[in-house]
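Observations on the model geometry
Take a look at the letters that make up each chain.
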Amino acid sequence: MFRSRSFIRAAVVVGVVAGASVGRAQVAPAAAASLPSASDVIARYIKAVGGSAALMKVKSVRTAGTFEMPAQGLKGDVVVVQALPNKMVMTTTIPGVGEINSGFNGEVAWSVNPMQGARLLEGKELEQLREESGFTAILRRAELTSSMQTVGKGEVQGQSCYQVKVVYKSGRETTECYAVDTGLLLGATTKQTSPMGTVDVTTIVSDYQEVGGIKTAMKTRMQMMGQEQVMTFSKVEYDGPDDAKAFELPPAVK
């Protein structure tokens, strides 16, 4: 699934700028029986979305759609561009708020928004983007992770899932839920570093569609800091001729 969770840190910044208030989605624990290994769960997921060979054929991907904060009545446009090996930029444009841009070009991570201006990201914020950027992050490569373990079974929106705890080299931890029946990722919970400190983030993904032989979740819901953000993607393009330009540093960052 392209995008993986690479845009969560950028979405946290959007939430800090806009503000909202909703309840947090829950991942309900279930009794663990005979569980598959984490590596088997991840391998099944990669196969379900199209396979590693299909993923590695793609050099860049651009997804576009809408961004909403329903409780606030806010709605705008969002574009996410990712490229090998680990580049990502997300641009959100909200009428009345302005343009919010966050990205990582393989060396420099940045955030530009109307409330905080331009920032170079350092420390844990930089580490997070480095780990999450690039659509092949879903492969959970050994150079990025310290350990993976299936810790139980749970439920996301009525679907049974295997809960896999992933510990990254930076020390960051996530718990991801993969559907028992299809193998697809249903959601994840993590602690994300933001300008407001450490934030608990719950992500739910749905509406998978196959584009060019690869299944992509076209809808993402994120709950954080009492907020809900909904991204609904309508367009997926691979290897666009102008994708490289997306990773040029914004003038304010330069």
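No experiment lies behind these values; they were computed from the predicted model shown.

**Some details on the overall build of the protein**
Within the protein one finds 4 helices and 14 strands. Within the protein, buried positions represent 50% of all 254 residues. Contacts spanning at least 24 positions in sequence make up 57% of the contacts within the protein whose residues lie at least 6 apart. As displayed, the protein offers around 10,700 Å² of accessible surface, 50% of which is attributable to carbon and sulfur atoms.

**As for the pairing of strand E6 (residues 109-113)**
Extensive coverage of E6 is indicated by the burial of 5 of its 5 residues. Residues Ala109, Ser111 and Asn113 point to one face of E6 and Trp110 and Val112 to the other, with burial holding for every one of them. Bridge count for strand E5 (residues 98-104) against E6 is 4 bridges, and the pairing is antiparallel. Among the inter-strand pairings, Ser102 is bridged to a residue of E6, identified as Ser111. In this antiparallel pair of consecutive strands, E5 and E6, the connection spans 4 residues, and Gly106 shows a positive phi of 100 degrees. The turn joining E6 and strand E7 (residues 117-120), which pair antiparallel and follow one another in sequence, is formed by 3 residues.

**With respect to the packing of aromatic side chains**
Here the structure, examined in full by the defined rule, presents 1 aromatic pair. Over the ring of Tyr168 we find Arg172; its NZ or CZ atom is 4.2 Å from the centre of that ring.

**With respect to the pattern of salt bridges**
Applying the stated rule across the entire model yields 7 salt bridges. Residue Asp200 pairs with Lys191 through a salt bridge whose shortest N-O separation is 2.7 Å. Given the relative accessible area of 36%, Asp200 is considered partly exposed.

**A closer look at the environment of Gly65**
Position of Gly65 among the secondary structure elements: in strand E2 (residues 60-69). Classification of Gly65 by relative accessible area gives buried; the value is 12%. When the C-alpha atoms of Gly65 and Lys235 are compared, they prove to be 6.6 Å apart, with 170 residues separating the residues in sequence. Setting aside residues up to four positions removed in sequence, Gly65 forms contacts with Gly76, Asp77, Val78, Thr232, Phe233 and Ser234.

**With respect to the side chain of Thr174**
Along the chain, Thr174 falls in strand E10 (residues 173-179). At a separation of 3.3 Å, a polar atom in the side chain of Thr174 contacts the side chain of Glu176.

**A closer look at the state of the cysteines**
A full pass over the atoms with the stated rule returns 0 disulfides. A disulfide-free cysteine, Cys161 has its sulfur positioned 3.1 Å from the sulfur of Cys177, the nearest such atom. Classification of Cys161 as buried rests on a relative accessible area of 0%. Overall, the relative accessible area of 1% leaves Cys177 in the buried class.

**Let's talk about the confidence of the model for the protein**
The predicted model of the protein averages 83 in pLDDT, with 84% of residues at 70 or higher. For residues 4-10, every residue scores under 50 in pLDDT, and the model assigns this stretch 36 contacts once sequence neighbours within four places are set aside. Confidence over residues 15-32 falls short of pLDDT 50; this stretch has 56 contacts with residues more than four positions distant or in other chains.

**Some points on the nonpolar core**
Counting 22 residues, the largest nonpolar core has Val78 and Met231 as the members making the most contacts within it. Among the secondary structure elements, those contributing two or more residues to this core are E2, strand E3 (74-83), strand E4 (87-94), helix H4 (123-132), strand E12 (197-211), strand E13 (214-224) and strand E14 (227-238).

**Side note on the side chain of Asn113**
Secondary-structure assignment places Asn113 in strand E6. On the accessibility criterion, Asn113 (4% relative accessible area) is buried. One polar contact links the side chain of Asn113 to the main-chain amide nitrogen of Met115, over a distance of 2.9 Å. From its side chain, Asn113 meets the backbone nitrogen of Gln116 in a polar contact 2.7 Å long.

About the thresholds
Residues numbered from 1 in each chain as written. Predicted model: local features only at pLDDT ≥ 70, side-chain atom pairs only at ≥ 80, totals over all residues. Heavy atoms only, no water. Helix = DSSP H or I, 4+ residues; strand = E, 2+ residues; numbered from the N terminus. Buried < 20%, exposed > 50% of the residue type's maximum accessible area, 1.4 Å probe, protein only. Contact = heavy atoms within 4.5 Å. Areas by Shrake-Rupley, 256 points an atom, 1.4 Å probe, with all protein chains shown as cover. Pairing = 2+ DSSP bridges. Phe/Tyr/Trp six-rings, centres within 6.5 Å; stacked < 30°, edge-to-face > 60°. Lys NZ or Arg CZ within 6 Å of the ring centre and 35° of its normal. Salt bridge = Lys/Arg side-chain N within 4 Å of Asp/Glu carboxyl O. Polar contact = N/O pair within 3.5 Å; in protein donor to acceptor, adjacent residues only side chain to side chain. Disulfide = S-S within 2.5 Å. pLDDT = per-residue confidence, 0-100. Core = buried A, V, L, I, M, F, W, Y, C linked by side-chain atoms within 4.5 Å.

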